[in-house]
Amino acid sequence: IREITVQANSHAAYLDNPCPATMENAQYSIPFVMAAALVDGMCGPEQMQDEKLFDPTILDVARRISVVPEPAFDKAYPATLKTRVQVLLKTGETVSAMREKTRGDDNFPLSDAEIKEKFVWMSSNRLEPDQARIVMDAVWSLETRVDMAGIMEMLLVMCGDTQKNQNIKADVFPTFIRNSLRNL
């Protein structure tokens, strides 16, 4: 790949930082996210680790990605988030694709199963899959809950708030979660 040009609305054009200084900035950098996905084959929790900020392969690819405003796309915004990606290969050939809908937006929503699957994946560097499913089930039933204390306590334990929960041992963790969920 010689270069990639992302044409988007003018709001997205501000997300054109190929070498972000922090992981928070990286999450809002179209070049960095695209480069991580191209290099690693995906962009998820593993690609949003501090060491990836300095990965020379990701940074090399990110520097070849630019985000440019396309005024015509502003006319359709926010109803649609049009994006065109053009890839110039080292052979001189150009390939391109355009999307008018972004997966997960109001006009192209994820299914409930996809949301749950994405949560398990995106929380994978903090929670085991079974823990993530427990949290998801608890959150999914928030509308019928009267008391949030059990969910908050469960999240504090799962996310490692050791100062508040130093008396909870790992071997009683699953029992504690089950009891917390029962008490919601």
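Structure's up top.
We now turn to the structure provided with this report.

## Comments concerning the overall build of the protein
Helix and strand counts for the protein come out as 8 helices and 4 strands. A buried classification covers 29% of the 184 residues belonging to the protein. For the protein, the share of sequence-separated contacts (at least 6 apart) that also reach a separation of at least 24 residues comes to 53%. Entry remark: accessible area of the protein is about 11,700 Å², with carbon and sulfur atoms responsible for 54%.

## Quick look at the layout of surface pockets
One number sums up the size of the largest pocket: a volume of about 1,000 Å³. If you go around the largest pocket, you meet 29 residues; those closest to its centre are Ile 30, Val 33, Thr 102, Arg 103 and Lys 118. Going through the elements one at a time, β1 (3-8), α2 (30-40), β3 (83-88) and α5 (112-122) are the ones with two or more residues in the lining of the largest pocket. Take the lining of the largest pocket: its biggest share by element is 4 residues, from α5. Residues belonging to the lining of the largest pocket are distributed by class as follows: 15 nonpolar, 7 polar and 7 charged.

## What about the nonpolar core?
Within soluble globular proteins, side chains that are nonpolar tend to cluster in buried spots. Counting 16 residues, the largest nonpolar core has Ala 35 and Ile 65 as its most contacted members. Contributing elements (two or more residues each) for this core: β1, α1 (23-27), α2, α3 (56-63) and β2 (65-69). Look past the residues within four positions of Ala 35 in its chain and what remains in contact with it is Ile 58, Val 61, Ala 62 and Ile 65. Counting 8 residues, the second largest nonpolar core, distinct from the first, contains Leu 127, Ala 132, Val 135 and Ala 138.

## Describing the packing of aromatic side chains
Here the structure, examined in full by the defined rule, presents 0 aromatic pairs. Above the ring of Phe 108, the side-chain terminus of Lys 101 is found at 5.7 Å from the ring centroid. Residue placement shows Arg 103 over the ring face of Phe 108; its charged tip is 4.6 Å from the ring centre.

## Considerations on the pattern of salt bridges
Under the criterion given, the structure shown has 4 salt bridges. Arg 103 is the salt-bridge partner of Glu 114, the closest N and O atoms lying 2.6 Å from each other. Remark: Arg 103 occurs in the loop between β4 (94-99) and α5 and Glu 114 occurs in helix α5; sequence separation between them is 11 residues.

About the criteria used
- Residues numbered from 1 in each chain as written.
- Predicted model: local features only at pLDDT ≥ 70, side-chain atom pairs only at ≥ 80, totals over all residues.
- Heavy atoms only, no water.
- Helix = DSSP H or I, 4+ residues; strand = E, 2+ residues; numbered from the N terminus.
- Buried < 20%, exposed > 50% of the residue type's maximum accessible area, 1.4 Å probe, protein only.
- Contact = heavy atoms within 4.5 Å.
- Areas by Shrake-Rupley, 256 points an atom, 1.4 Å probe, with all protein chains shown as cover.
- 1 Å grid on protein atoms, 1.4 Å probe; cavity = no way out; pocket = protein on both sides within 12 Å on 5 of 7 lines; lining within 4 Å.
- Points joined across faces, edges and corners; volume = space filled by probe spheres on them.
- Nonpolar A, V, L, I, M, F, W, Y, C, P; charged D, E, K, R; others polar.
- Core = buried A, V, L, I, M, F, W, Y, C linked by side-chain atoms within 4.5 Å.
- Phe/Tyr/Trp six-rings, centres within 6.5 Å; stacked < 30°, edge-to-face > 60°.
- Lys NZ or Arg CZ within 6 Å of the ring centre and 35° of its normal.
- Salt bridge = Lys/Arg side-chain N within 4 Å of Asp/Glu carboxyl O.

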